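Read off the chains here:
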Amino acid sequence: MLSNIGVPGLILILVIALIVFGPNKLPEIGRAVGKSIREFKRATEGITNDIKEEFQDDLKEAQKERIELKK
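Caption draft 1: Structural view of the overall build of the protein. Along the backbone of the protein there are one helix and zero strands. Taking 71 residues into account, the globule formula puts the C-alpha radius of gyration at 11 Å, and the protein, at 23 Å, lies well above it. When the 71 residues of the protein are sorted by exposure, 1% land in the buried category. As displayed, the protein has an accessible area near 6900 Å², and 63% of this comes from carbon and sulfur atoms. Averaging the positions of the 12 positive and the 11 negative side-chain charges in the protein gives two centres separated by 8 Å.

Here it is, written out as structure tokens:
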């Protein structure tokens, strides 16, 4: 969705944000957005790691069962 904006669209959005929020508020908003994105990335990495660990545990159990069935 955001990949379709392009440079002219991005410049237009930044100019509108500058007009609406003013030059004093814009850096604060940028920092807040950056922190939010950083926290979101950390949360998704944690969830991804949990899912990977769960799959690895299931895979190990399946391999143990397979070895037991061969006996």
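Now that the structure has been shown, the text picks up again.
Caption draft 2: Just the pattern of salt bridges, in detail. Taken as a whole and assessed by the stated rule, the structure comprises one salt bridge. One salt bridge in this structure joins Lys25 and Glu28, with 3.7 Å as the shortest N-O distance. Residue Lys25 and its partner Glu28 are located together in helix α1 (residues 6-70), separated by three residues, close to a single helical turn. The exposure class assigned to Glu28 is partly exposed, which follows from its relative accessible area of 43%.

Caption draft 3: Structural detail: α1. Compared with the 96 Å implied by 1.5 Å per residue over 65 residues, the 58 Å span of α1 between its first and last C-alpha is markedly short. When the local axis directions of α1 are compared, the greatest deviation, roughly 105°, occurs at Gly22, which is followed within four positions by the proline Pro23.

Caption draft 4: Seen up close, a nonpolar patch on the surface. A cluster of nonpolar side chains, Val7, Ile11, Leu12, Val15, Ile16, Ile19, Val20 and Phe21, forms an exposed patch at the surface whose accessible area comes to about 810 Å². Examined against the element boundaries, Phe21 turns out to sit in helix α1. Here Phe21 falls in the partly exposed class, since its relative accessible area comes to 46%.

The rules behind the values
- Residues numbered from 1 in each chain as written.
- Predicted model: local features only at pLDDT ≥ 70, side-chain atom pairs only at ≥ 80, totals over all residues.
- Heavy atoms only, no water.
- Helix = DSSP H or I, 4+ residues; strand = E, 2+ residues; numbered from the N terminus.
- Rg over C-alpha atoms; globule rule 2.2 N^0.38 Å.
- Buried < 20%, exposed > 50% of the residue type's maximum accessible area, 1.4 Å probe, protein only.
- Areas by Shrake-Rupley, 256 points an atom, 1.4 Å probe, with all protein chains shown as cover.
- Lys, Arg positive; Asp, Glu negative; His and termini not counted.
- Charge placed at Lys NZ, Arg CZ, Asp CG, Glu CD.
- Salt bridge = Lys/Arg side-chain N within 4 Å of Asp/Glu carboxyl O.
- Expected span 1.5 Å × (residues − 1).
- Bend = angle between axes of the 7 residues up to and from the residue.
- Patch = residues over 30% accessible without salt bridge, like charges linked within 9 Å, V, L, I, M, F, W, Y side chains within 5 Å.

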